[in-house]
Amino acid sequence: QVQLVESGGGLVQAGGSLRLSCAASGSISSISTMGWYRRAPGKQRELVAAITTVGFTNYDDSVKGRFTISRNNAKNTVYLQMNSLKPEDTAVYYCKIVWRGTDYWGQGTQVTVSS
């Protein structure tokens, strides 16, 4: 069974940094897309960043230049380096992978940025 284990969330001051990681369990391979989504209070879930098998990336405009997504295919792990954090970044962040045509989601990790 596919399971995603997220880590790295927490509470930081505005301007600080966090690095999120998400590891897919098992012996799965050929994950097509890995990404991070977030859900802020009262808002719909939105894409933060995504990365393809060969490293093509896509970012929400609000995080371009501040966040960097990367992946380690050998470890089935995706990372999100978050710098210059703003209070508006406060949300629950969810890892998602696409494997064999199916979406798999992590349980989410809370990121809180104080003023």
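Bear in mind the structure is a predicted one, so any value in this text is a computation, not a measurement.

What counts and how
- Residues numbered from 1 in each chain as written.
- Predicted model: local features only at pLDDT ≥ 70, side-chain atom pairs only at ≥ 80, totals over all residues.
- Heavy atoms only, no water.
- Helix = DSSP H or I, 4+ residues; strand = E, 2+ residues; numbered from the N terminus.
- Contact = heavy atoms within 4.5 Å.
- Pairing = 2+ DSSP bridges.
- 1 Å grid on protein atoms, 1.4 Å probe; cavity = no way out; pocket = protein on both sides within 12 Å on 5 of 7 lines; lining within 4 Å.
- Points joined across faces, edges and corners; volume = space filled by probe spheres on them.
- Nonpolar A, V, L, I, M, F, W, Y, C, P; charged D, E, K, R; others polar.

**A closer look at the environment of Ala-40**
Residue placement: Ala-40 occurs in the loop between strand E4 (33–39) and strand E5 (46–52). In this structure, the C-alpha to C-alpha distance between Ala-40 and Val-92, residues 52 residues apart in sequence, is 6.5 Å. Setting aside anything within four residues of it in sequence, one finds Ala-40 in contact with Thr-90 and Ala-91.

**Quick look at the pairing of strand E10 (residues 102–105)**
Where strand E9 (residues 91–99) and E10 come together, four bridges link them in antiparallel fashion. Each residue of the ladder has a partner; that of Ile-97, found in E10, is Tyr-104. Between E9 and E10, which follow one another and run antiparallel, lie two residues, and Arg-100 among them has a positive phi close to 50°.

**Observations regarding the layout of surface pockets**
Considering only enclosed or pocket space, the largest pocket measures out at about 160 Å³ in volume. In this structure, the largest pocket is lined by Arg-38, Ala-40, Lys-43, Gln-44, Glu-46, Asp-60, Ser-62, Arg-66, Lys-86, Glu-88 and Asp-89. Across the lining of the largest pocket, the residue classes tally to one nonpolar, two polar and eight charged.

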